[in-house]
Amino acid sequence: MNARRLLQPMRVLTFVVAALGQSVGAQTVEQGGIAVELRFSQTDDGMAMTRIALTDAASGLGVPGARPGAWMLARRSEAVASERSCDEKAATLATGSLGARADVDLNGYRLVTLNQDDTIAFINPHVGLQNSKLESIVALPGRGHDWVVAPRTQKLFVSLRDRGEVAIVDVGTRRLIGTVATGAGSLPTRLALDEDGGRVWVGLDGSDQVVALDADSGREVARVQVGRGLHTLTAEAGMPWIAVTNSESNSVSFIERTRLVVTAQVDVGQTPVASAWSPAAQRLAVLSINGASLSLVDPGAAAVSSTVALERGVVALGLFDDGRRAFVLNARTDEASLVDLAAPRVVARLAVPGRPDQIAFSREFAYLRIEDSPNVMVVNLAQARSGRLQAVAVPMGRSKPGDVPEALNVASVFAIAPEGNGMLVASPGDGSIYRYAEGMMVPVGSFSNYRRQARALRVLDTSLAERATGRFEATSRITRAGRYDLIVRNLRPAVTACFVVEARGAEVAAEAATAPVLQLMAVRPLDERSAVVEFRLADALGKPIDVPDVRVLAMQLRGGAQVRARAMGLGGGRYKATLAALPTAEFELMVHAPAVELGYERGRIGRMVWPPALPVAIGGAAPTERSP
């Protein structure tokens, strides 16, 4: 959003709705002929659904072109919550600064990397401070290979091939919930999410089986016998089957979703290594590396309907235009082939020197990664539709993916930019994530992965998604129970509305019992420019946490001033820090404690007005102490 436009004055209406943690009827605010409608509901596990509609008040039709922003601010104190107007809250939150973060942000996204050092890193690209973009690190018990996210439960499933396990991470709390064993020597590798059935499927490369896990609980639901070899999985929404390729059996197994049994096994070319469903052709495209072919399989007839001859060495398959066309990458011949699946035949070829191995698509371009080059080939899809392949080499850092061969992986290092006009690419050798905007010859920026070698990259998008004209929704996880200001702001047409909802928080799991909890104890002036901040650090069960290297950051809410200080441990989980050279301003107070994986973003303890005018509670925590 354009910050300057967000600061334009506008009339503001506020409406209060007590949601009581359950679904309620629509609550509506009308402003300037535009109706802003809110529906807020929760499930028992703390997940919340926020639905916002902007409609013409007279006709009831959705407002085209609306792009609302929405935030939730916890009311830690009713007095503090009423000190600022709805318009002030919206303008402050829209700046995106670290000191003005919402408790629940319904606009942003996070970059998540699966790393060679057995970690998952959560990076906030919206924070203005480069060294504070890293929000959380989750340590895994082994090397991750593939991953999927179950959107409803906000659980991230990660295959740990060498350990014979699948790890489950809570995206909301950024905690490892646990692991599910798949058996000794089972080699769980590729994963697929079956949203229709609420399951995560796991291919066991060390056996002739696949496993279905419940996406809510993580428990094993079924174990199905398929063919031998490495397995790729295709779970297409609306289809009654799950397709599994078997590299040693040279076949595809179709598993019926309801009965969880194999209903058909179809022979394909030698060593199938990739598969994808084509809605346009109503066929499963299967790529065979040694069979030098692309097979189109008819699930209804349980047979191969047609075959496209290729060269040996094909390793990656990507479909676009609703599956009408496909790109095939060949790492042995160093080329990309454009296949018309309606013909079916190869219509064009493109030289891609350096072993191309991964492919991704935006709306207008295809992106090809090359193992032996730091460049990514960007191919225009409009020209490809006419049978011409033209590509531009865009440098994505200095290091080649092949410089770090141990980090080469089955999961993708590409992630589509949520803005829809580019791509994010993780470079393991550089320890960076590059942001490319379409039409440019070089990346427009980068994000640090903090010296970690990324094996895979994904975007966790928590922003409002438009489901129909002017009607938006977003899923979020509420970890703190209580009352929240839910703030909605749209630029064109200009409208701002504030609601109050009461929400239940998610239950604290036993695994999260050591999650750090902060409490601001006191803020007292030391002199005209300095303040002493005292706070307490404990786990979720109240046990004090005493760790070294704890720091405090005071971030100006409406400005760029920052004051940092190292905190001194007082024992019993209590700490004291002196903030010096404070300008006159309102500050957000944040704590960083790396020993307990607490970053500034999640370490907010309250707000401070300097100099203090009254001895009142700061951030709704403890009363401010003033010197005599």
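This text follows the structure it describes.
In this text, all values refer to a predicted model and were calculated from it rather than measured experimentally. (Residues numbered from 1 in each chain as written. Predicted model: local features only at pLDDT ≥ 70, side-chain atom pairs only at ≥ 80, totals over all residues. Heavy atoms only, no water.)

**Some remarks on the overall build of the chain**
Line of reasoning, step 1. Scanning the chain for helices and strands turns up four helices and 50 strands.
Line of reasoning, step 2. Counting contacts in the chain only where the partners sit at least 6 residues apart, residues at least 24 apart contribute 51% of the total.
Line of reasoning, step 3. With an accessible surface of roughly 25,300 Å², the chain has 49% of that area assigned to carbon and sulfur atoms. (Helix = DSSP H or I, 4+ residues; strand = E, 2+ residues; numbered from the N terminus. Contact = heavy atoms within 4.5 Å. Areas by Shrake-Rupley, 256 points an atom, 1.4 Å probe, with all protein chains shown as cover.)

**Side note on the side chain of Ser247**
Line of reasoning, step 1. Along the polypeptide, Ser247 turns up in the loop between strand S19 (241–246) and strand S20 (251–256).
Line of reasoning, step 2. By relative accessible area, Ser247 is classed as buried at 9%.
Line of reasoning, step 3. One polar contact links the side chain of Ser247 to the main-chain amide nitrogen of Leu230, over a distance of 2.7 Å.
Line of reasoning, step 4. Those residues in contact with Ser247 that sit more than four places away from it in its chain are Arg228, Gly229, Leu230, Thr271 and Pro272. (Buried < 20%, exposed > 50% of the residue type's maximum accessible area, 1.4 Å probe, protein only. Polar contact = N/O pair within 3.5 Å; in protein donor to acceptor, adjacent residues only side chain to side chain.)

**As for the side chain of His231**
Line of reasoning, step 1. As for its position among the elements, His231 is in the loop between strand S17 (220–225) and strand S18 (233–235).
Line of reasoning, step 2. Look at His231 and you get buried, because its relative accessible area is 0%.
Line of reasoning, step 3. A distance of 3.2 Å separates the side chain of His231 from the backbone oxygen of Leu204, its partner in a polar contact.
Line of reasoning, step 4. At 3.0 Å, the side chain of His231 forms a polar contact with the backbone oxygen of Gly229.
Line of reasoning, step 5. Those residues in contact with His231 that sit more than four places away from it in its chain are Arg190, Gly203, Leu204, Asp205, Ser207, Asp208, Gln209, Val226, Val244, Thr245 and Asn246.

**Quick word on the sheet that holds strand S38 (residues 454–461)**
Line of reasoning, step 1. Taken together, four strands build an open sheet; the order of strands is S9-S8-S7-S38 and the sheet is antiparallel. Since the sheet does not close on itself, it has two edges, and those belong to strand S9 (134–139) and S38, each with one partner. On average, each strand axis in the sheet is tilted by 20° relative to the strand beside it, whichever way the strands run. (Pairing = 2+ DSSP bridges. Axes fitted to C-alpha atoms, helices over the stretch in contact; angles between N-to-C directions.)

**Some thoughts on the pattern of salt bridges**
Line of reasoning, step 1. Per the counting criterion, the structure on display carries 32 salt bridges.
Line of reasoning, step 2. Ionic pairing is found between Asp321 and Arg325, a salt bridge with its closest N-O pair at 2.8 Å.
Line of reasoning, step 3. Here the salt bridges do not stand alone but share partners, grouping Asp194, Asp196, Arg199 and Arg257 into one network. (Salt bridge = Lys/Arg side-chain N within 4 Å of Asp/Glu carboxyl O.)

**Description of the packing of aromatic side chains**
Line of reasoning, step 1. Inspection of the entire model under this criterion finds eight aromatic pairs.
Line of reasoning, step 2. Judged by centre distance (6.5 Å) and plane angle (50°), the ring pair of Tyr367 and Phe414 falls under tilted. Note that Tyr367 is positioned in strand S31 (residues 365–370) and Phe414 in strand S34 (residues 414–416), a separation of 47 residues in sequence. Phe414 carries the same exposure label as Tyr367, and that label is buried.
Line of reasoning, step 3. Taking the ring centre of Trp147 as reference, the NZ or CZ of Arg458 above it sits at 5.3 Å. (Phe/Tyr/Trp six-rings, centres within 6.5 Å; stacked < 30°, edge-to-face > 60°. Lys NZ or Arg CZ within 6 Å of the ring centre and 35° of its normal.)

**Some thoughts on a nonpolar patch on the surface**
Line of reasoning, step 1. A cluster of nonpolar side chains, contributed by Val392, Met441 and Val442, occupies part of the molecular surface with about 250 Å² of accessible area.
Line of reasoning, step 2. Structurally, Val392 can be placed in strand S33 (residues 391–395). (Patch = residues over 30% accessible without salt bridge, like charges linked within 9 Å, V, L, I, M, F, W, Y side chains within 5 Å.)

**Describing unusual backbone geometry**
Leaving glycine aside, a negative phi is the common case for residues, and trans is the common case for peptide bonds.
Line of reasoning, step 1. In this chain, Ala343 is followed by Pro344 through a cis amide linkage whose omega measures -20°.
Line of reasoning, step 2. With respect to the element layout, Pro344 can be found in the loop between strand S28 (335–340) and strand S29 (345–351).
Line of reasoning, step 3. A cis amide bond links Trp610 to the next residue, Pro611, at an omega of -5°.
Line of reasoning, step 4. Residue Gln282 is not a glycine yet carries a positive backbone phi of 55°.
Line of reasoning, step 5. Tracing the backbone shows Gln282 in the loop between strand S22 (272–278) and strand S23 (283–288).
Line of reasoning, step 6. For Gln282, a relative accessible area of 39% translates into the label partly exposed.
Line of reasoning, step 7. Positioned with a positive phi, Asp549 is a non-glycine residue whose angle comes to about 55°.

**Re the sheet that holds strand S49 (residues 585–592)**
Line of reasoning, step 1. Spatial ordering of the open sheet is given by S46-S45-S49-S50, a layout of four strands whose pairing is antiparallel. Two strands in the sheet have a free side with no partner beyond their single neighbour: strand S46 (562–566) and strand S50 (604–610). Each neighbouring strand pair of the sheet contributes to a mean axis angle of 20°, computed without reference to strand direction.
Line of reasoning, step 2. Relative to S49, strand S45 (residues 551–556) is paired through six bridges, and the arrangement is antiparallel. Looking across to S49, one finds that Arg551 is bridged to His592.

In short, shape yes, function no, at least from these values alone.
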